[in-house]
Amino acid sequence: MLKFLVRKVPSVLLVLVASSMIAFLLPRLAPGDPAVVLAGPDPTPEVIASIRAELGLNQPLWQQYLNWVGGLLHGDLGQSYILHRPVSELIANRIGSTLQLSALATLIMIAIGLLLGILGGARRSPAARLVIDGFNTVFLAAPPFLTGMLLILLLGVVLPVLPVSGEMSVFDNPSFGLQYLLLPAIALALPQAAVIARLLQTSMLATRSEDFVDLAKAKGVPGRRITRRHVLRNSLGSVVVVIGLRIGELLAGAIVVEAIFARNGLGALAVSSVDSRDYLVVQVLILAAVFIAVMLQLLSEIILAALDPRIRLEA
């Protein structure tokens, strides 16, 4: 396993370096200038030039990039141009909300995705399979923001059983915190759960046609044992990889869902930073999202390699 991980290091470093360049250049390609925002209404060119020099924005791009990366390597994320506070402090104040939302959404996504996938891939009646296929089709076509608005209408307006906006930390008050988390977490998780369910169902149905399953039937192995020990286990490999990718997409989808449910997480910070052209905050958020996605992908490959030794040998 150690050899397998060592071989992944170059590709991980390459992705992070390329991502840091994209994260640095992307905010600067958009129109606008943080110096103009700081200068206030009707600024003179001299004032704007002075602010740009103070922020270091008058330096060549390559020098700004190297300064930023050098700071990152020393643990310095920089200082917000607009709020004049360390980026690390801004992220630390908001990350708890996003992590709580993402963690609960991940649990719901895995639980519903695996449950529906196993039910769909098991030998069920045509009516039961039709219901499961219908659920998957609906939520595969529904993006998180649409699911969120439907949940607000159903469980917040028609049947007002859960709050539709605001937040409270589950660590301060677990009961109220979960109530504020449930709707956004479900809205975030259902579309991703449908993807996992459909993939697992398809994989299980394909595995059932393999020769080793027919051999197990011929030997008189009970159907449930065939499903659990032969079909399900051999169908989980691709699902593990997809779960890793979907968790990364949950973090991206959290930006939209936080806006719909008025949560004050990293998504709200990203939107306000883009609006004010606060380059350093946007850069760090983009790079952090890529870093988390890469780590989750690497973790899913480790789990996949643990499930299937052939992958370790081929790597």
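Think of each chain on its own: its residues are numbered from 1, step by step along the sequence as written. Where local features are concerned, this predicted model is filtered to residues with pLDDT of at least 70; where side-chain atom pairs are given and counted, the filter is 80 or more; whole-chain, interface and lining totals use all residues. To obtain the side-chain values, all non-hydrogen atoms of the structure were included, while hydrogens and water were left out.

1. Considering the packing of aromatic side chains
- Any Phe, Tyr or Trp ring, taking Trp's six-membered ring, that has another such ring centre within 6.5 Å forms a pair; planes under 30 degrees apart are called stacked, those over 60 apart edge-to-face, and the others tilted. Inspection of every chain in the model, using the stated rule, returns five aromatic pairs.
- Between Phe24 and Tyr65, the ring centres sit 5.5 Å apart and the planes meet at 70 degrees, which makes this aromatic pair edge-to-face. With Phe24 in helix α1 (residues 2-29) and Tyr65 in helix α4 (residues 61-73), the pair connects residues that are 41 residues apart, well separated along the chain. Both residues of the pair, Phe24 and Tyr65, belong to the buried class.
- Plain terms: the ring middles of Tyr81 and Tyr279 are 6.3 Å apart, the flat faces sit at 75 degrees to each other, and that makes the pair edge-to-face. With Tyr81 in the loop between α4 and α5 (87-121) and Tyr279 in helix α12 (residues 279-307), this residue pair connects regions lying 198 residues apart in the sequence. Tyr279 shares its class with Tyr81; the two are buried.
- Among the aromatic residues, ring-to-ring pairing joins Phe24, Tyr65 and Trp68 into one connected group.
- Looking at Arg28, its charged tip hangs above the ring of Phe24, at a distance of 3.9 Å from the centre. The secondary structure listing takes helices from DSSP runs of H or I that are at least 4 residues long and strands from runs of E that are at least 2 residues long, numbered from the N terminus. Exposed residues in this analysis have more than 50% of their type's maximum accessible area, buried residues have under 20%, and partly exposed residues fall in between, with area computed by a 1.4 Å probe over protein chains only. A positively charged side chain is recorded as over a ring if its NZ (Lys) or CZ (Arg) lies within 6 Å of the ring centre. The angle to the ring normal must also be within 35 degrees.

2. Quick notes on the side chain of Ser203
- By secondary structure assignment, the location of Ser203 is in helix α8 (residues 174-207).
- The exposure class of Ser203 is buried, given its relative accessible area of 17%.

3. Quick notes on the nonpolar core
- By size, the foremost hydrophobic cluster in this structure holds 33 residues, and its most contacted members are Met109 and Leu188.
- For this core, the secondary structure elements donating two or more residues are α5, α7 (144-158), α8, α9 (211-218) and α10 (223-260).
- Contacts are assigned to residue pairs with any non-hydrogen atoms lying within 4.5 Å of each other. Not counting residues up to four positions away in its chain, the partners in contact with Met109 are Ala189, Gln192, Ala193, Ile196, Ile243, Arg246, Ile247 and Leu250.
- Counting residues in each nonpolar core, the second largest holds 18 residues, with Tyr81, Leu266, Leu269 and Val281 among its members. Nonpolar core, defined: a set of buried Ala, Val, Leu, Ile, Met, Phe, Trp, Tyr and Cys residues in which side-chain atoms within 4.5 Å join the residues together.

4. Examining the packing of α5 against helix α6 (residues 126-141)
- Where α5 contacts α6, the axes come no closer than 9 Å and their chain directions differ by 140 degrees. Relative to α6, α5 is oriented so that their crossing is left-handed. Judged by residue contacts, Ile112, Leu116, Leu119 and Gly120 of α5 engage Arg129, Ile132, Phe135 and Asn136 from α6.
- Each residue is assigned to one of three groups, with Ala, Val, Leu, Ile, Met, Phe, Trp, Tyr, Cys and Pro labelled nonpolar, Asp, Glu, Lys and Arg labelled charged, and all others, Gly among them, labelled polar. Classifying every residue of the contact of α5 with α6 by side-chain character gives five nonpolar, two polar and one charged. Comment: axis = line fitted to C-alpha atoms, over the contacting stretch for helices; angle = value between 0 and 180 degrees taken between N-to-C directions. Definitions for this section: a left-handed crossing has its near helix turned counterclockwise from the far helix by less than a right angle. A right-handed crossing has that turn clockwise.

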